[in-house]
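Coordinates in review
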Amino acid sequence: MKRVYLDNSATTAVDRAVIETMLPYFDKAYGNASSFHSFGREAARALESARDQVATLIGAKPSEIYFTAGGTESDNIAILGIAYANRDKGNHIITSAIEHPAVLETCRHLEESGFKVTYLPVDIDGRVSLSDLRDAITEETILITIMHANNEIGTIQHVRDMGALARDRNIAFHTDAVQSIGKVPLDVEFSNIDLLSISSHKLHGPKGVGALYVREGTAITPVIFGGGHERGLRPSTENVPGIVGFGKACEIAHNRLDEDIEHMSSLRDKLIKGILDAIPKSVLNGPCSDRLCNNVNISFEAVEGEALILALDRVGIAASTGSACSSKKSTASHVLLATGLSEQMAYGSLRISLSRFTTEDDIGYVLEKLPPIVERLRSMSPLWKEE
Ligand SMILES: *Cc1c(COP(=O)(O)O)cnc(C)c1O
């Protein structure tokens, strides 16, 4: 059976070139990067060249890149580390209602230890308003953490303006850029960003690796303790093959950025138009402009998202409803609800996320299979009323 993978916001295929680059670091250059012999030096050199590759992709200095175990860990280290470092300055954090659980749950944890958190609302497109952000700032605010692009509905936030506002008030600005890196051009200098989270497996690198960018001079307290790896911010023997693969994935993303964006945007637009034209009572969730080039999120009236995913899976199409993390729980997506979508429509949502490897053929296959599946599910639904 044909298999079409369209769940690239959950994870991506590792690029063949990335795998090739990683291989020698498992069984030839397998030294510990902290060791003083040739094996160790070889590993240490590989780490530094990966650090350059990651830094180049976001316009940072290599010394501002800290390798971590992924996006979740980067978010945790950033938020907790800034909160603890600034405890005597204030106890207020500002974030948004549509963040990834890696940010939301870390903020909830801080609330339990006496921090105050403002969860800013979003508009129908999932956008945080700059004036809401400005109004939420108090004398106590020490951190603003707003994601660059949303993993469910693809909204790209205007982080540059938010960063400027934060800098003006001497507040640290963190952004979870896990979904946008490799799909949206981003320069940490230009965008006034102090801390930024990246994850390797969302950009065709291996899983379990990521990075945190920390602007030079930013006060941050470590939250993991051990040896002095990653300048004390993230101790633990570095995952050298993983980091080497992550670096390569960043290099490829950097070199192909324009081409990738053009390829994915054109397939995305074709898919959105094809679905909305073919299926009545379907609505696009998320914005029409400033939207991730690989994100399609559509709700179908009187259809259960989960039933839809199962039916698509039976014809070999991998997609998702809500985010991968919330998809095993039967709760409507907090992101869709925050945009004002009704609970029923939130349950009927389908997220299709593309990658640079998605083809015209894949999109054609979805456009062939999806409409009859929706029609069949509706014909069995007591909620469905045809006009
Ligand atoms: C996937 C994702 C994460 C978590 O990254 P991991 O590397 O899987 O821990 C964090 N934030 C966003 C927006 C994501 O999409």
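All of these numbers come straight from a predicted model, not from anything done at the bench. The written sequence of each chain sets the order in which its residues are numbered from 1. In keeping with the model being predicted, local features are shown solely for residues with a pLDDT of at least 70 and side-chain atom pairs are shown and tallied solely at 80 or more, while totals for entire chains, interfaces and linings include all residues. In computing side-chain values, all of the structure's heavy atoms are included and hydrogens and water are not.

1. Thoughts on the site of the ligand
Here a residue is near a molecule or strand as soon as one of its heavy atoms is found within 4 Å of it. In the region of the ligand, 13 residues are neighbours, and Thr-72, Asp-176, Gln-179, Ser-199 and Lys-202 sit closest. At 2.8 Å from an oxygen atom of the ligand is found a main-chain nitrogen or oxygen belonging to Gly-71. Any N or O atom pair separated by 3.5 Å or less is treated as a polar contact, with the protein-specific requirement of one donor-capable and one acceptor-capable atom, and with residues adjacent in sequence counted only for side-chain atom pairs. Here an oxygen atom of the ligand and a side-chain polar atom of Ser-199 are 2.6 Å apart. All accessibility values rest on the Shrake-Rupley procedure with a 1.4 Å probe; residue burial counts only the protein chains present in the view. Burial of the ligand by the protein amounts to 88% of the accessible area it has alone, namely 380 Å². It is helix α4 (residues 71-85) that provides the largest number of residues to the shell around the ligand, a total of three residues. Following the grouping adopted for this structure description, the nonpolar residues are Ala, Val, Leu, Ile, Met, Phe, Trp, Tyr, Cys and Pro, the charged ones are Asp, Glu, Lys and Arg, and the polar ones are all others, Gly among them. Grouping the amino acids of the shell around the ligand by side-chain chemistry returns two nonpolar, eight polar and three charged. Numbering of helices and strands runs from the N terminus, with a helix taken as a DSSP run of H or I at least four residues long and a strand as a DSSP run of E at least two residues long.

2. Re the packing of helix α8 (residues 240-278) against helix α12 (residues 360-379)
Across the interface, α8 lies against α12 with an axial gap of 10 Å and an inter-helix angle of 15°. Classified by the angle their axes make, α8 and α12 are roughly parallel. Crossing hand, α8 versus α12: right-handed. Across the interface between the two elements, Leu-267, Lys-270, Leu-271, Gly-274, Ile-275 and Ala-278 from α8 touch Glu-360, Ile-363, Val-366, Leu-367, Leu-370 and Pro-371 from α12. Split into classes, the residues belonging to the contact of α8 with α12 amount to nine nonpolar, one polar and two charged. Angles run from 0 to 180 degrees between N-to-C directions of axes, and those axes are lines fitted to C-alpha atoms, restricted for helices to the stretch in contact. Here roughly perpendicular refers to angles of 65 to 115 degrees, roughly parallel to angles under 35, roughly antiparallel to angles over 145, and oblique to all remaining angles. In a left-handed crossing the near helix is turned counterclockwise from the far helix by less than a right angle, and in a right-handed crossing that turn is clockwise. Note on contacts: a residue pair qualifies if any of its non-hydrogen atoms lie within 4.5 Å across the two residues.

3. Some thoughts on the domain arrangement of the protein
Domain delimitation in this document rests on an assignment produced automatically or drawn from a domain database. Domain annotation for the protein reports domain 1 (4-11 + 257-379) and domain 2 (16-252). Computed from C-alpha coordinates alone, the two centres of domain 1 and domain 2 are separated by 27 Å. Across the domain 1/domain 2 interface, buried area totals approximately 2600 Å², and carbon plus sulfur atoms make up 57% of it. Note on definitions: salt bridges are taken to be side-chain nitrogens of Lys or Arg within 4 Å of carboxyl oxygens of Asp or Glu. Inspection of the domain 1/domain 2 interface yields zero salt bridges. Our count for the contact surface shared by domain 1 and domain 2 stands at 13 residue pairs in polar contact (both at pLDDT 80 or more). With four residues, helix α10 (residues 334-338) is the largest single contributor of residues to the side of domain 1 that touches domain 2. A per-class count over the side of domain 1 that touches domain 2 returns 12 nonpolar, 14 polar and four charged. The term buried area denotes the loss of accessible surface (1.4 Å probe radius) that occurs when two parts are joined, taken as the sum for both partners.

4. Let's talk about the sheet that holds strand β7 (residues 195-199)
Taking strand neighbours across the sheet as the criterion, the seven strands line up as β2-β8-β7-β6-β5-β3-β4 in an open arrangement whose pairing is mixed. Each having just a single partner strand, β2 (65-68) and β4 (116-120) make up the two edges of the open sheet. Averaged over all neighbouring strand pairs, the angle between strand axes comes to 20°, with direction disregarded. Should DSSP find at least two bridges between two strands, the strands are taken to pair. Taken together, the three bridges between strand β5 (residues 141-145) and strand β6 (residues 172-176) define a ladder with parallel strand orientation. Considered in β6, the bridge of Ile-144 is made with Phe-173. Relative to the sheet, α4 contacts β2, β3 (92-96), β5, β6, β7 and β8 (210-214), its axis offset from that of β7 by approximately 160°.

5. Digging into helix α3 (residues 38-58)
One less than the residue count of a helix, multiplied by 1.5 Å, gives the span that helix is expected to have. Taking 1.5 Å per residue as the helical rise, α3 with its 21 residues ought to reach 30 Å, and the 31 Å between its terminal C-alpha atoms agrees with that figure. Type-normalised accessible area, obtained with a 1.4 Å probe on protein chains alone, sets the label of each residue: buried when under 20%, exposed when over 50%, and partly exposed for intermediate values. Along α3, the residues classified as buried are Gly-40, Ala-43, Ala-46, Leu-47, Ala-50, Arg-51, Gln-53, Val-54, Ala-55, Leu-57 and Ile-58. In the core, the buried residues of α3 are packed alongside α2 (24-27), β2, β7, β8 and α8. Following α3 by one or two positions, Gly-59 adopts a phi angle in the positive range, close to 70°.

6. A closer look at the environment of Ile-153
Mapped onto the elements, Ile-153 comes out in the loop between β5 and α7 (159-168). Taking relative accessible area as the criterion, Ile-153 reaches 0% and is therefore assigned buried. Residues in contact with Ile-153, not counting those within four places in the same chain, are Asp-125, Gly-126, Asn-285, Gly-286, Pro-287, Arg-291, Asn-295, Asn-297, Val-335, Leu-336 and Thr-339.

7. Observations regarding the sheet that holds strand β12 (residues 349-353)
In spatial order, the strands read β9-β10-β12; together these three strands make up an open sheet with antiparallel pairing. The open sheet is flanked by β9 (282-284) and β12, the only strands paired with a single partner. Taken pair by pair, the neighbouring strands of this sheet meet at an average axis angle of 25°, ignoring direction. Two elements, strand β10 (residues 295-300) and β12, share five bridges in a ladder whose sense is antiparallel. From the neighbouring strand, Val-296 faces β12, where its bridge partner is Ile-352. Sitting on the sheet, α12 is in contact with β9, β10 and β12, with an inclination near 25° to β10.

8. Some words on the pattern of salt bridges
The tally for this structure, following the rule as stated, stands at 21 salt bridges. Residue Arg-51 is joined to Glu-48 by a salt bridge in which the shortest nitrogen-to-oxygen separation is 2.8 Å. Separated by three residues within a single helix, Arg-51 and Glu-48 lie in helix α3, roughly one turn from each other. Judged by relative accessible area, which is 6%, Arg-51 ranks as buried. Judged by relative accessible area, Glu-48 falls into the partly exposed class, the value being 40%. When the shortest N-O distance is used, the salt bridge between Arg-51 and Glu-230 registers 2.8 Å. With Arg-51 in helix α3 and Glu-230 in the loop between β8 and α8, the pair connects residues that are 179 residues apart, well separated along the chain. Overall, Glu-230 belongs to the buried group, its relative accessible area being 5%. Several salt bridges converge on common partners, so that one network encompasses Asp-15, Arg-256, Glu-259, Asp-260 and Arg-356.

9. Describing the packing of α4 against helix α5 (residues 101-112)
Contact geometry of α4 with α5 gives a least axis separation of 9 Å together with a crossing angle of 30°. In terms of orientation, α4 and α5 fall into the roughly parallel class. Like other packed secondary-structure pairs, α4 and α5 cross with a definite hand, here right-handed. Between α4 and α5, the residues in contact are Thr-72, Asp-75, Asn-76, Ile-79, Leu-80, Ala-83 and Tyr-84 and Ala-102, Val-103, Thr-106, Cys-107, His-109 and Leu-110, respectively. The residue makeup of the contact of α4 with α5, split by class, is eight nonpolar, four polar and one charged.

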